Amino acid sequence: MPEERSLYLFASVLSAAIFGVEVCPVQVEADVSNGLPSFIMVGFPSAQVKEAQERVRTALKNNGYQFPPKRITVNFAPADMKKEGAGFDVPVAAAVLAAFEMISPQVVSRVMMAGEIGLDGEIHGISGILPIVLCARSLGSRFCVVPYENLKEGRLIRDVPVAGVKNLRELVECLKNPEPYLKREIQEEIPSIINTDMGMDFSDIEGQEGAKRAAEIAVSGFHNLLLIGPPGTGKTMLARRLPTIMPGLGFEEKLELTRIYSIAGLLSREHPLIDERPFRSPHHTSTPQAIAGGGRNPRPGEITLAHKGVLFLDEMPEFSRKSLEILRQQLEDKEIHLSRAAGTYVFPASFMLAAAMNPCPCGYYPDLNRCTCTAGEITHYMGKISRPLLDRIDISTEVPPVSFSQLHCGRKGENSAAIRKRVEKEIHRDGGSRNCGHPADDRRRLRTVCGITGKHFRAASICSAAGGSLQPRVGMCKAFGQGISASGIRLSADSVQNTAAQRSLHRSSRSVRH
């Protein structure tokens with residue numbers, strides 16, 4: 001009987017694979033049998049996972065674990081999903097050790113493992129540890145074994161025992177006697193930090209009271225915001241301070257954000273908990289895949305990384321049309337679906353869109369003394385942003401130049417803490433229904449919060465019939481108990497041509513005077 005066991009040895013270890021932002025449990029099975037000495041991996045492993053056989057074999061040899069020449073077969077179940085990443089090194093090593101009975105197969109039962117192994121046996125950190133630990137909690141695992149570098153991240157989940165190991169020797173010791181490793185470096189509570197500690201505050205902005213008021217209203221209702229104005233008026237400065245007036249995150253929201261950033265590999269080893277609302281500002285050369293997310297095994301893009309926070313598009317017309325139009329559906333659905341041959345991936349995308357743009361290519365329209373753009377150039381520049389996308393921007397406000405007297409008046413504006421208190425009070429007054437991230441398709445809430453009467457429609461009709469240079473799109477928003485009018489400005493072709501004619505006449509008269 002013992003002789004038969006030596007011929008057919010088997011062990012199974014629990015691990016997990018990440019697909020998008022979801023986690024699927026994977027059983028790493030190892031079988032040792034007589035036959036031509038080999039190390040075979042099956043179960044739809046990627047080329048990166050197949051490399052684990054050389055890493056694991058060399059690491060075990062360099063740490064004194066000698067195996068008889070046998071046929072080793074490692075299977076990743078279920079076999080219908082492709083396995084990616086280097087996180088399967090540790091479960092493969094544990095399964096092989098258990099299959100050769102160097103450790104008891106019982107000690108690896110219901111233990112979640114993940115990590116990368118170096119050729120010297122050192123275990124290195126990987127991305128995606130937090131969702132793997134969450135998966136272990138849902139499966140009822142006894143405990144988790146993760147790289148020591150990821151220990152703080154793993155212990156963010158309080159009700160799951162997590163052990164951190166540095167090398168193969170510690171891995172074997174931990175599986176045989178886990179208690180000392182489960183008590184290693186008890187995680188302390190990480191204090192919540194608000195963005196104002198980063199040195200950015202609304203009190204830094206001189207003037208621009210109208211734009212600051214529009215920003216406050218936008219944050220209170222999680223409305224999308226467009227800032228229009230010439231260069232140097234503080235559009236980017238104001239947008240970067242939007243997270244400092246947003247309400248704080250709850251613990252579940254922090255875990256949700258940390259999970260996304262863990263999968264993206266953007267977490268800090270020292271402070272893994274994301275306790276601030278994200279602010280993402282991609283460059284205007286970013287591709288649609290970088291904005292939406294993608295890849296062979298799709299990873300979060302800028303839209304998902306801005307979840308629960310702000311996605312800021314500086315110089316909005318300079319983005320490619322495809323990169324801008326990809327935002328249209330996500331602004332409505334609050335999630336993004338990416339379809340690949342292997343399946344459909346769903347990423348969260350509940351963000352506040354903030355954008356900044358100049359009114360014309362040179363940036364100085366309608367200042368006729370400084371603007372050098374023709375009517376066609378202005379029309380082409382404004383046409384880079386489609387009407388369907390503009391319709392999804394709730395508040396559009398002008399950011400005019402600030403005069404010298406306003407800059408040196410010596411009066412300090414409100415700080416972010418005071419504005420944030422008003423925002424939180426308004427959200428609390430509304431019963432939390434406008435909490436950041438809620439979709440804006442609740443008809444009953446729209447009637448209550450954004451009620452529009454016949455008087456408002458008549459005012460909009462009068463503005464449209466006047467045929468002036470500006471055509472306002474008026475949306476009344478009740479905020480802080482007051483009726484606030486937010487005008488989204490559109491330039492008509494006739495007004496652009498009239499302005500061009502005025503500019504030509506102005507230049508002619510100026511040349512005559514000279």
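## Let's talk about unusual backbone geometry
Then comes step 1: In this structure, P78 follows A77 across a cis peptide bond, with omega equal to 5°.
Then comes step 2: Residue P366 follows Y365 across a cis peptide bond; omega there is 5°.
Then comes step 3: By the element assignment, P366 lies in the loop between β17 (352–357) and α16 (375–382).
Then comes step 4: For Q208, which is not glycine, the phi torsion reads 55° and is therefore positive.
Then comes step 5: Positionally, Q208 belongs in the loop between α8 (179–182) and α9 (209–221).
Then comes step 6: Given the relative accessible area of 8%, Q208 is considered buried.

## Section: the sheet that holds strand β18 (residues 395–398)
Then comes step 1: The 5 strands lie next to each other as β11-β14-β17-β10-β18, forming an open sheet whose pairing is parallel. The sheet terminates laterally at β11 (279–280) and β18, the two strands that pair on one side only.
Then comes step 2: Strand direction decides the pairing type here: β11 and strand β14 (residues 310–313), joined by 2 bridges, are parallel. Bridging across to β14, F279 finds its partner in V310.
Then comes step 3: Contacting β10 (225–228), β17 and β18, α9 crosses the sheet at an angle of about 165° to β18.

## Thoughts on the nonpolar core
Generally speaking, nonpolar side chains in soluble globular proteins are found buried as a group.
Then comes step 1: Of all hydrophobic cores here, the largest spans 101 residues; its most connected members are V74 and L327.
Then comes step 2: Contacts of V74, omitting those with residues within four sequence positions, involve V28, E29, A30, F39, I40, M41, V42, V92 and V96.
Then comes step 3: Judged by nonpolar contacts, the second largest core, of 26 residues, contains A214, F222, L227 and A356.

Conventions we followed
- Residues numbered from 1 in each chain as written.
- Predicted model: local features only at pLDDT ≥ 70, side-chain atom pairs only at ≥ 80, totals over all residues.
- Heavy atoms only, no water.
- Helix = DSSP H or I, 4+ residues; strand = E, 2+ residues; numbered from the N terminus.
- Buried < 20%, exposed > 50% of the residue type's maximum accessible area, 1.4 Å probe, protein only.
- Pairing = 2+ DSSP bridges.
- Contact = heavy atoms within 4.5 Å.
- Axes fitted to C-alpha atoms, helices over the stretch in contact; angles between N-to-C directions.
- Core = buried A, V, L, I, M, F, W, Y, C linked by side-chain atoms within 4.5 Å.

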